[in-house]
Structure formats: structure tokens, C-alpha cells
Amino acid sequence: MEFTVYYGMSHNPFDKTAPQVIETVDFKETNVRLKYLTEVLGIGLITGRPGAGKTVILREYAQRLNPNQYRVSYLPLSTVSVSDFYNQLAVSLGIEPAFRKSAKFRQIQERIIELHDVEHITPVFILDEAQYLSGLIYNELVLLTNFGMDAENKCLIILAGLSSLNQLLQRPQFEAFRQRITIKYQVVGMEYSESQRYVKEKFKAAGVLDDLITDEALKTMFTTSGGSIRRLDQMITKSLIIGAQQEKRIIDNEIVYQANAEVALG
């Protein structure tokens, strides 16, 4: 039997595609900063451990922006060259990239200016996995965001990456880029007390009001996940699958240990 049916859930609220977003402390703190960034424009830096919730926060933020006022481009960049980086930016703006780098640069800046000044639409670029970007690209971002002899902001750039990105940007060669950062926030993950509310609200969103997980089992899940929301979601989903298979109405530590072994195996 499908575990959602067995536990009376309308859907699996712990799946990454689930529509409900629980407003954790990290979610609220990040959004306060992103709201300010949206008003003044410029560059934002969001970092954190894997699975801490950065992508979920940014996806929800992007979805809340008025599409008549903002044009969002999500760029899951990895180890790309400067030329490839410009190609991705150009395509995201609906431009056929020129051959030369200097021409691409002009295309992108002119299109950003046109969107902001003429069409009254602010371009928003979300660059994910930014810890893998070439150092040269950070220098290009400084140049790209130079409008009106550096007196104006006409776009919004958000870089998201692992905590190591903070250490990378402390290097002397990135001084000019660091000075351009308008807001920054380190997503740290949940505390145990917050995970209790998170799980309860997730179950409630799926139509379940009863406690399906013992306190001891949830503590074990939380400890094992290390504060990672993604890992906790995986642990709960796997535990519910095993629980349904074994016809257990309550998830206890025995089931959690089995689930942890399966999750660890990938």
C-alpha cells in the first residue's frame, strides 16, 4: 500500500516538490534581507551547508516576485568559463550571444538598461552553486553591475553557495567584489525545537493532525540529519515507507534506524 494512503496523507509533504514552505528562522531572516535587496538592488550572497534550505528559500522568493516588475533568471552554474557565463546570461535575457566577449558584455549591459529604464522591469539573476565559479567571473560581475559611472543599480544578482564561498571571497583579489555585496546571510539549518514545529506543520499541510513520529524517533532523525532540512525530509519519507510496509502506525526508533541505513546507502 502506498504510504501516503496508509497514513491518511493527501500527499507526501516531505517531498521536495511539495508546495508548502514552512517559514523557519532561516527563511524569515533571509527574506528580510532579500526584501531590502529587492528595494535597493545590487548583489546578495546567501551561503550555507548542503541541504540547509538555500534553494527552497530562493525559489519561494523568486515565485513571490511580481512578473510584471521582475524578470528572474535562475542559473545553476558550475565550472564555466567567462565566455560561457556571458552566453548563459545573454540567453537568459533573450539575446543571441555575440561571438566576441566585449560584444557580449555590451549586449548584456544594454539589455539590462533597456529592461530597467524603458520596460520598467528589473532583471534578477540567481547564480546557484557559486562556490564553483571561476575567480575571473567575480571580476566580470563587478564590471557588469557598473552603471552610470557606478552611481546606479539596475539589476539584482543573488549568489548562493556552500559556506566555503565566504572563505573564498576573503582573498585579496576579491576585494572589489566584496565591496559590491549589499546583503549577505549564512543559512545554518534548524534547531531541534524548530524541527518539531516544522514536522508538525508539514503533516498538518497533508491533512494529518495526529503525531506519527515519537519524540525519541524525531530526536534521532534530527541528530542524524545534522540540522539539514533535506536530510530530515529524506529520513522521514523513508521511515514512513518502511512503517507502512511493516504496518506500523507510529514511527519509532527501530524504524528510524532501518531508514537511516537505507538513506546512507543512497
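Residues take numbers from 1 onward in each chain, read along the sequence in its written order. With the structure being a predicted model, the display of local features is reserved for residues of pLDDT at least 70 and the display and counting of side-chain atom pairs for 80 or more, all residues being used for whole-chain, interface and lining totals. Here the side-chain values reflect all heavy atoms present in the structure, with hydrogen atoms and water set aside.

Caption draft 1: Looking closely at the overall build of the protein chain. A count of helical and extended segments in the protein chain gives 12 helices and five strands. In terms of principal-axis extent, the alpha carbons of the protein chain reach across some 65 × 40 × 30 Å. Of the contacts formed within the protein chain by residues at least 6 apart in sequence, a portion of 73% connects residues at least 24 apart. By element, 52% of the accessible surface of the protein chain is carried by carbon and sulfur atoms, the whole surface being about 13500 Å². We count Lys and Arg on the positive side and Asp and Glu on the negative side, and we leave His and both chain ends out. One atom stands in for each charge, and that atom is NZ of Lys, CZ of Arg, CG of Asp or CD of Glu. If the 29 positive side-chain charges of the protein chain are averaged to one point and the 31 negative ones to another, these points end up 4 Å apart. A run of H or I in DSSP becomes a helix once it reaches four residues, and a run of E becomes a strand once it reaches two; helices and strands are each numbered from the N terminus. When checking whether two residues touch, look at their non-hydrogen atoms; a contact exists if any pair is within 4.5 Å. Note on areas: these come from Shrake-Rupley sampling with a 1.4 Å probe, and a residue is covered only by the protein chains present in the view.

Caption draft 2: Here's a closer look at the sheet that holds strand β4 (residues 156-161). The criterion for strand pairing is that DSSP finds at least two bridges linking the strands in question. With respect to topology, five strands assemble into an open sheet ordered β2-β3-β4-β1-β5, the strand pairing being parallel. The outermost strands of the open sheet, each flanked by one partner alone, are β2 (70-75) and β5 (181-187). Going from strand to strand, the sheet's axes swing by 15° on average, the running direction of each strand aside. One ladder, built from six bridges, connects strand β1 (residues 42-48) with β5; its direction is parallel. Each residue of the ladder has a partner; that of Gly-44, found in β5, is Ile-183. Contacts between helix α3 (residues 54-64) and the sheet are confined to β1, β2, β3 (122-127), β4 and β5, with β4 contributing the most and set at about 160° to the helix. Axis definition: a line fitted to C-alpha atoms, limited for helices to the stretch in contact. Angles are taken between N-to-C directions and run from 0 to 180 degrees. On the sheet, helix α4 (residues 82-92) packs against β2 and β3 and is oriented at approximately 145° with respect to β2.

Caption draft 3: The arrangement of empty space enclosed by the protein in detail. Cavity means a closed set of points on a 1 Å grid over the protein atoms alone, one where a 1.4 Å probe fits but cannot get out, pocket means an open set with protein on both sides within 12 Å along at least 5 of 7 lines, and lining means a residue has an atom within 4 Å of a point. Grid points are joined across faces, edges and corners, and a volume is the space filled by probe spheres set on the points. One pass over the full model with this rule turns up one cavity of 30 Å³ or more. If you list the elements that add at least two residues to the lining of the largest cavity, you get α4, α5 (101-118), β3 and α6 (135-144). Grouping the constituent residues of the lining of the largest cavity by class yields 10 nonpolar, one polar and no charged. Nonpolar residues are Ala, Val, Leu, Ile, Met, Phe, Trp, Tyr, Cys and Pro. Charged residues are Asp, Glu, Lys and Arg, and all others, Gly as well, are polar.

Caption draft 4: Representation of the layout of surface pockets within the structure. When its volume is computed, the largest pocket comes out at roughly 810 Å³. Around the largest pocket, the lining is made up of 37 residues, and of these Lys-16, Val-56, Arg-59, Arg-230 and Asp-233 lie nearest the centre. When residues of the lining of the largest pocket are traced back to their parent elements, those giving at least two are α2 (25-40), α3, β4, α9 (192-205) and α11 (229-245). A volume near 260 Å³ is recorded for the second largest pocket. As for the second largest pocket, its lining consists of 14 residues, of which Gln-196, Val-199, Lys-200, Asp-211 and Ile-213 are closest to the centre. Those elements that place two or more of their residues in the lining of the second largest pocket are α9 and α10 (215-225).

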